[in-house]
Amino acid sequence: MRYLSQFMIALAVLVFVGQASAQVNPTERAVTEESMFEALGTDTNAVAGRVSIPDSSAGNLIKPENKSWASFQVGTLQTLSVVAVVGMVGLLTLFYIVRGRIQVDSGMSGLKILRFGAIDRFAHWTLASTFIILALTGLNLIIGTSVILPLLGENAFGALTSLGKIAHNYLAWPFMVALALIFVLWVIDNIPDKVDVEWLKQGGGIFKKGVHPPAKKFNAGQKVIFWAVILGGAGLSFTGVMLLFPGVAGAAADWQLYQTIHALIAAGLSAIIIAHIYIGSVGMEGAFDAMGSGEVDVNWAKEHHGLWVEQEKAKSAKDSALSTPAE
Amino acid sequence: MARMKFLCDADRCIECNACVTACKNEHEVPWGINRRRVVTLNDGLPGERSVSMACMHCTDAPCASVCPVDCFYTTDDAVVLHNKDTCIGCGYCSYACPFGAPQYPQTANFGTRGKMDKCTYCSGGPEPDMSQAEYVKYGSNRLAEGKLPLCAEMCSTKALLAGDGDIIADIYRERVVTRGYGSGAWGWRTAYGETVAV
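Quick caveat: nothing in here was measured; it's all calculated off a predicted structure. Sequence order sets the numbering: in each chain, residues are counted from 1 along the sequence as written. Here every chain gets a letter starting at A, and every ligand a number starting at 1, in the order they are written. Whole-chain, interface and lining totals are the exception, using all residues; otherwise, since this is a predicted model, local features are given only for residues with pLDDT of at least 70 and side-chain atom pairs are given and counted only at 80 or more. Derived side-chain values reflect all non-hydrogen atoms in the structure, with water molecules and hydrogen atoms excluded from consideration.

K.L.:
Describe the overall build of chain B, and please don't skip the residues or the numbers.
P.N.:
Put simply, DSSP marks the helices as runs of H or I at least four residues long and the strands as runs of E at least two long, and each gets a number from the N terminus on. Helix and strand counts for chain B stand at seven helices and six strands. In chain B, the succession of α and β elements from N to C terminus is β-α-β-β-α-β-β-α-α-α-β-α-α. Taken against the 2.2 N^0.38 rule, which gives 16 Å for 198 residues, the C-alpha radius of gyration of chain B at 17 Å falls within 12% of a compact globule. Over its C-alpha atoms, taken along the principal directions, chain B stretches across nearly 50 × 40 × 30 Å. Exposure categories follow from relative accessible area, calculated using a 1.4 Å probe and restricted to protein chains: below 20% of the type maximum is buried, above 50% is exposed, and the middle band is partly exposed. The buried share among the 198 residues of chain B stands at 60%. Contacts are assigned to residue pairs with any non-hydrogen atoms lying within 4.5 Å of each other. Within chain B, counting contacts between residues at least 6 apart in sequence, those at least 24 apart form 56% of the total. Carbon and sulfur atoms make up 52% of the accessible area of chain B, which amounts to about 7,700 Å² in all. With C-alpha atoms as the basis for the radius of gyration, the globule rule is written as 2.2 Å multiplied by the number of residues raised to the power 0.38. Note on areas: Shrake-Rupley, 1.4 Å probe, and residue coverage restricted to the protein chains presented here.

K.L.:
Pulling in residues and values, what's your account of the overall build of chain A?
P.N.:
Helix and strand content of chain A: 13 helices and four strands. Out of the 327 residues in chain A, the part that is buried amounts to 38%. Look at the contacts in chain A between residues 6 or more apart in sequence, and 74% of them connect residues 24 or more apart.

K.L.:
I'd like a description of unusual backbone geometry, backed by residues and values.
P.N.:
All names here are of chain B. Although it is not a glycine, His-57 sits at a positive phi angle of roughly 55°. As for its position among the elements, His-57 is in the loop between strand 3 (49-53) and helix 2 (62-66). Of note in the backbone geometry, Lys-158 takes a positive phi value of approximately 55° without being a glycine. Within the fold, Lys-158 resides in the loop between helix 5 (150-153) and strand 6 (160-164).

K.L.:
Lay out the pattern of salt bridges in plain terms, naming residues and giving numbers.
P.N.:
All names here are of chain B. Each salt bridge in this description consists of a side-chain nitrogen of Lys or Arg and a carboxyl oxygen of Asp or Glu lying within 4 Å of one another. Per the stated rule, a full pass over the model turns up 19 salt bridges over all chains. Taking the shortest distance from any N to any O, the salt bridge between Arg-179 and Asp-11 comes out at 3.4 Å. Taken together, the residues Arg-179 in helix 6 (residues 165-179) and Asp-11 in the loop between strand 1 (4-8) and helix 1 (18-27) connect sequence positions 168 residues apart. One salt bridge connects Arg-173 with Asp-170, and the closest N-O pair in it is separated by 2.7 Å. Of the two residues, Arg-173 and Asp-170 both sit in helix 6, three residues apart, roughly one turn of that helix. A residue is classified by how much of its surface remains accessible, and Arg-173, at 29% relative accessible area, is partly exposed.

K.L.:
Provide a residue-level description of a nonpolar patch on the surface, including the pertinent values.
P.N.:
Residues and elements named next belong to chain A. Patch definition: residues above 30% relative accessible area lacking any salt bridge, with like charges linked at up to 9 Å and the nonpolar side chains Val, Leu, Ile, Met, Phe, Trp and Tyr linked at up to 5 Å. A cluster of nonpolar side chains, Leu-163, Ile-166, Tyr-170 and Trp-173, forms an exposed patch at the surface whose accessible area comes to about 390 Å². Tracing the chain through its elements places Trp-173 in helix 7 (residues 154-186). According to the relative accessible area criterion, Trp-173 is partly exposed, its value standing at 32%.

K.L.:
For the interface of chain A and chain B, give the residues involved together with the corresponding values.
P.N.:
Residue-level contacts link 51 residues of chain A with 49 residues of chain B. Around 4,300 Å² of area is buried between chain A and chain B when both sides are counted, 60% of it from carbon and sulfur atoms. A quick way to say it: buried area is the sum, across both parts, of accessible area lost when two parts are put together, with a 1.4 Å probe. Sorting the residues of chain A by area buried against chain B places Glu33(A), Arg50(A) and Leu61(A) first, and these three jointly supply 16% of that buried surface. The interface formed by chain A and chain B contains two salt bridges.

K.L.:
Can you explain the pairing of strand 6 of chain B? Please cite residues and give values.
P.N.:
Residues in a regular strand project their side chains so that they alternate between the two faces of the sheet. All names here are of chain B. Of all five residues in strand 6, five are buried, a share of seventy percent or more. Pairing between strand 1 and strand 6: five bridges, direction antiparallel. Bridging from a neighbouring strand, Met-4 pairs with Asp-164 of strand 6. Here, a strand pair is defined by DSSP locating no fewer than two bridges between the strands.

K.L.:
So what's going on with the nonpolar core? Which residues, and what values?
P.N.:
Put simply, a nonpolar core is a bunch of buried Ala, Val, Leu, Ile, Met, Phe, Trp, Tyr and Cys residues held in one set by side-chain atoms that sit within 4.5 Å of each other. Membership of the largest hydrophobic core comes to 78 residues, with the highest contact counts inside it found for Leu61(A), Leu41(B), Trp186(B) and Trp188(B). Listed in part, the 34 residues of the second largest apolar core include Ile102(A), Ile182(A), Ile225(A) and Leu236(A).

K.L.:
Residue-level account of helix 9 (residues 220-244) of chain A, with values.
P.N.:
Owing to its 3.6 residues per turn, the α-helix brings residues three or four apart onto one side. Given the number of residues in a helix, its expected span is that number minus one, multiplied by 1.5 Å. Here helix 9 of chain A spans 35 Å end to end across 25 residues, near enough to the 36 Å set by a 1.5 Å rise per residue. Any pair of nitrogen or oxygen atoms within 3.5 Å is treated as a polar contact; in protein, a donor-acceptor pairing is required on top of that, and neighbouring residues in sequence qualify only through side-chain atoms on both sides. The N-cap of helix 9 of chain A, judged by a side-chain oxygen 3.0 Å from the amide nitrogen of Gly221(A) a few residues on, is Asn219(A).

K.L.:
Hey, could you go over the side chain of Thr239(A) for me, with residue numbers and the actual values?
P.N.:
Residue position: Thr239(A) is located in helix 9. In this structure the side chain of Thr239(A) is engaged in a polar contact, spanning 3.2 Å, whose partner is the backbone oxygen of Leu236(A).

K.L.:
Describe the pairing of strand 3 of chain B, and please don't skip the residues or the numbers.
P.N.:
All names here are of chain B. Counting buried residues along strand 3, five of its five residues qualify, which places the element largely inside the surrounding structure. Burial along strand 3 is two-sided: Arg-49, Val-51 and Met-53 and Ser-50 and Ser-52, pointing in opposite directions, are all buried. Bridge analysis of strand 2 (residues 37-41) against strand 3 gives five bridges, and the strand direction is antiparallel. Bridge pairing links Arg-37 to Met-53 in strand 3.

K.L.:
Kindly report on the packing of aromatic side chains, identifying the contributing residues and their values.
P.N.:
Any two aromatic rings considered together are summarised by their centre-to-centre distance and by the angle between their planes. Side-chain rings of Phe, Tyr and Trp, where Trp is taken by its six-membered ring, are said to pair if the distance between their centres is within 6.5 Å; with planes under 30 degrees apart they count as stacked, over 60 as edge-to-face, and otherwise as tilted. Using the criterion set out here, one finds 17 aromatic pairs over all chains in the structure. Judged by centre distance (6.2 Å) and plane angle (35°), the rings of Phe131(A) and Phe175(A) are tilted. Taken together, the positions of Phe131(A) in helix 5 (residues 118-147) and Phe175(A) in helix 7 put the pair 44 residues apart, joining distant regions of the chain. Since its relative accessible area comes to 6%, Phe175(A) is described here as buried. Judged by centre distance (4.6 Å) and plane angle (40°), the rings of Phe6(B) and Tyr121(B) are tilted. Here Phe6(B) is found in strand 1, whereas its partner Tyr121(B) is found in the loop between helix 3 (92-96) and helix 4 (132-138), with 115 residues between them in sequence. Accessibility assignment for this pair places Phe6(B) and Tyr121(B) in one class, buried. Among the aromatic residues, those joined into a ring-pair cluster are Trp69(A), Trp255(A), Tyr92(B) and Tyr95(B). In our convention, an over-ring charge means Lys NZ or Arg CZ found within 6 Å of a ring centre and within 35 degrees of that ring's normal. Across from the ring centre of Trp308(A), 5.0 Å away, lies the NZ or CZ of Arg115(A), which sits over that ring.

See the structure below:
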């Protein structure tokens with residue numbers, strides 16, 4: 001018994017000494033900010049640990065990488081957006097000065113042919129009106145502080161932008177519905193084919209008077225717009241919904257990525273749509289009617305969509321042949 | 001004028017979370033929002049350290065640079081504050097912040113972000129100092145009362161320091177020299193582009 005207790009004491013002393021010697025330098029392996037930053041290297045992850053609050057993302061202590069998103073946001077992105085929009089307006093002005101309004105060479109015939117029915121026009125104008133508001137409220141987020149804020153002052157600009165945010169969040173939904181509708185209605189006429197190659201070779205006849213390469217319902221230029229709108233719109237929709245539901249999208253790094261993609265697509269698509277608006281209104285005589293009344297002048301149609309007019313004529317000839325009673 | 005900063009001496013922090021609680025109580029911070037939090041690094045491993053973190057009131061604050069309505073402003077004490085009347089709750093400041101400071105009550109459409117809330121360095125907002133309107137939106141204004149932020153003032157181990165950057169850096173430097181070690185002024189390099197050299 002005596003030996004046992006002596007042994008126990010000796011053991012306890014040994015353990016104590018062992019512990020004491022392990023604690024000589026309590027900070028030997030302590031984490032330091034420097035070592036944790038070095039461990040991060042080029043990785044974009046945060047210096048992170050554990051938190052006792054429910055929000056586990058609060059465990060990210062320091063994320064220096066976020067600052068590069070911030071500087072991209074106020075630097076490159078602003079510049080790109082301004083260049084895309086102002087650049088396109090500049091190009092179109094130049095084009096208008098050089099080429100002028102594209103006229104119907106053979107003059108207006110006075111005869112009309114139906115190009116877009118009510119559903120087509122409804123889908124188009126829903127998409128168009130929502131896109132314009134979405135684009136303007138979106139652009140306001142990027143350049144508003146430098147362009148509109150000085151004019152309105154902080155309070156009015158804040159209130160306006162707040163309304164803009166609400167409009168942006170809600171109008172996104174009719175935009176997506178109209179986008180889907182447009183896709184279903186027009187995809188069949190927008191599949192690229194051989195006619196487009198010839199159309200593109202002749203530059204669409206855009207740059208030369210009197211040149212009218214053949215085209216079906218949609219020419220190659222319109223097909224480019226169609227696919228830009230469909231693909232760009234789908235990209236905007238996906239990233240936009242992710243930004244609306246940040247909890248679903250993930251964490252800060254995901255939001256940054258989605259926001260960047262969203263803004264870049266928006267800048268590009270805005271430039272394309274500005275060109276589309278130009279050619280559909282002031283840029284070309286007779287073009288607006290297609291989406292206005294839905295009926296275009298036959299001479300305009302023959303010049304710009306020759307093959308389509310022939311198709312329509314053949315169709316109506318067949319219809320009337322069928323409806324003519326047999327004698 | 002002083003250049004106000006926070007400095008958390010991680011070698012003193014015992015992760016008691018009293019700074020978090022004090023902050024929530026002092027400012028009646030909304031449910032689900034923590035203006036300050038304590039993060040434990042290398043938890044359970046040798047060399048574990050805890051750091052109390054809130055808005056660092058950065059020099060050239062990235063939140064302010066990305067704000068689409070320019071609702072941020074920097075006070076004479078170099079405290080970064082924001083105007084909740086102007087804020088639209090877009091979330092950009094939270095994307096830009098390296099410290100995860102900006103947070104949002106879930107009150108807006110689709111249950112997403114309301115007006116942003118973050119640490120005010122206990123110095124309120126743009127409303128008149130110590131007014132009820134200021135208290136409701138931003139919490140109490142201790143700086144106007146001549147006091148420093150409560151989180152640091154009541155820290156039991158004096159791990160969390162608040163005050164003029166030069167003074168708290170000197171205190172920290174002296175501690176490091178005296179005890180022979182220090183894990184660094186967490187966040188300083190990211191927030192102010194400099195750290196406390198010892």
